[in-house]
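Close look at the chain arrangement
For reference, the chains in residue letters:
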Amino acid sequence: MKKSILFISIVLVGAFAFTGCKNNKRAHSVKSSNDSAAVCGTDSTVYGVCGDGTAMHTLELFTDAGDTVNYLIDDEDTQSVVKGGLFVGDRMAVIGHKGDGECIATNVINLTALMGKWTSIDKNFEIQEGGTVINYVKAETHPWTSWKICNGKLVLNRDTFLVNNLGADSLYLENKDGIFAFKRKK
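These remarks concern the structure in this document. Computed from a predicted model, the values in this text were never measured in an experiment.

What the protein contains, in helices and strands, is 4 helices and 14 strands. The 186 residues of the protein split such that 35% are buried. Here the analysis covers contacts within the protein between residues at least 6 apart in sequence; of these, 42% occur between residues at least 24 apart. Within the structure as shown, the protein displays about 11,500 Å² of accessible surface, and the carbon and sulfur contribution to it stands at 57%.

Below you can see the structure in the form of structure tokens.
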């Protein structure tokens, strides 16, 4: 009987200790407004591959969930909606909504075009598949080491940016501190 009471006591103490650790982790994950966990919350981005049914104002997306979704892209705002172009076989991140029974894309980021080496006056980094960023500036105090797309925004470590423009040789990111221009390094 004493062994079972001792066992139950150890289990209860362990459970309380484990719960306390979980609560501390939650508190840390939302401590900063720039923290990617706080910014991201629930990701509304749809990920997939650009299909061959894509045209200038439509995007056929084969989603990671196995669905095929056809998005309409506003005729007047194609360049402001699509960052990085629409190329068959490229990975895409799409933010959209339903309107009049159709899916309408409001933000499309070509993830394949985002991959690569980027440089500016004070930054020199490479965005790689799988969420890794390699920093080539040795003296940088807070180098970017990870990336993800969340709710249509690019999160580099804890810094969150709108992708204003993504071209073959240029990348413009914006946050509360300003607009940052990068050139593709070959």
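This brings us to the packing of aromatic side chains. A full pass over the atoms with the stated rule returns 5 aromatic pairs. Here the aromatic rings of Phe125 and Trp144 are separated by 5.2 Å at their centres, their planes lie at 85 degrees, and the arrangement is edge-to-face. With Phe125 in strand S8 (residues 124-128) and Trp144 in the loop between strand S9 (132-135) and strand S10 (147-150), the pair connects residues that are 19 residues apart, well separated along the chain. You'll find Phe125 and Trp144 in the same group, each marked buried. Between Phe125 and Phe182 the ring centres are 5.3 Å apart and the planes differ by 85 degrees, which places this aromatic pair in the edge-to-face class.

On to the sheet that holds S9. The 8 strands lie next to each other as S9-S8-S7-S14-S13-S12-S11-S10, forming an open sheet whose pairing is antiparallel. Unpaired on one side and paired on the other, S9 and S10 mark the two borders of the sheet. Direction aside, neighbouring strands of the sheet carry axes that sit 35 degrees apart on average. Relative to strand S14 (residues 178-185), strand S13 (residues 170-175) is paired through 6 bridges, and the arrangement is antiparallel. Bridging across to S14, Glu174 finds its partner in Ile179.

It is worth spelling out the pairing of S14 at this point. As a general feature of sheets, a regular strand has side chains that alternate between the two faces. In the sheet, strand S7 (residues 116-119) pairs with S14 via 3 bridges, with the strands oriented antiparallel. The partner of Thr119 across the bridge, within S14, is Lys183. What sits between S13 and S14 in their antiparallel hairpin is a turn of 2 residues.

Its boundaries defined by the atoms lining it, the second largest pocket holds a volume of some 170 Å³. What lines the second largest pocket is Ser120, Asp122, Lys123, Trp144, Asp159, Phe161, Asn175, Asp177, Phe180, Ala181 and Phe182. Listed by contribution, the elements that provide at least two residues to the lining of the second largest pocket are strand S12 (159-166) and S14. Counting residues per element, the lining of the second largest pocket draws most heavily on S14, which supplies 3 residues. For the lining of the second largest pocket, the class distribution of residues is 5 nonpolar, 2 polar and 4 charged.

Moving on, we come to the pattern of salt bridges. Under the definition given, this model contains 3 salt bridges. Put simply, Arg91 and Asp64 hold a salt bridge, and the shortest N to O gap is 2.8 Å. Residue Arg91 is found in strand S5 (residues 91-99), and its partner Asp64 is found in the loop between strand S2 (58-63) and strand S3 (68-73); the two are separated by 27 residues along the sequence. Owing to a relative accessible area of 53%, Asp64 belongs among the exposed residues under this scheme. One salt bridge connects Lys123 with Glu140, and the closest N-O pair in it is separated by 2.4 Å. Taken as a pair, Lys123 in the loop between S7 and S8 and Glu140 in the loop between S9 and S10 lie far apart in primary sequence, 17 residues in all. On the basis of relative accessibility, which here comes to 15%, the residue Lys123 falls in the buried class. Using a relative accessible area of 17% as the deciding quantity, one classes Glu140 as buried.

The rules we used
- Residues numbered from 1 in each chain as written.
- Predicted model: local features only at pLDDT ≥ 70, side-chain atom pairs only at ≥ 80, totals over all residues.
- Heavy atoms only, no water.
- Helix = DSSP H or I, 4+ residues; strand = E, 2+ residues; numbered from the N terminus.
- Buried < 20%, exposed > 50% of the residue type's maximum accessible area, 1.4 Å probe, protein only.
- Contact = heavy atoms within 4.5 Å.
- Areas by Shrake-Rupley, 256 points an atom, 1.4 Å probe, with all protein chains shown as cover.
- Phe/Tyr/Trp six-rings, centres within 6.5 Å; stacked < 30°, edge-to-face > 60°.
- Pairing = 2+ DSSP bridges.
- Axes fitted to C-alpha atoms, helices over the stretch in contact; angles between N-to-C directions.
- 1 Å grid on protein atoms, 1.4 Å probe; cavity = no way out; pocket = protein on both sides within 12 Å on 5 of 7 lines; lining within 4 Å.
- Points joined across faces, edges and corners; volume = space filled by probe spheres on them.
- Nonpolar A, V, L, I, M, F, W, Y, C, P; charged D, E, K, R; others polar.
- Salt bridge = Lys/Arg side-chain N within 4 Å of Asp/Glu carboxyl O.

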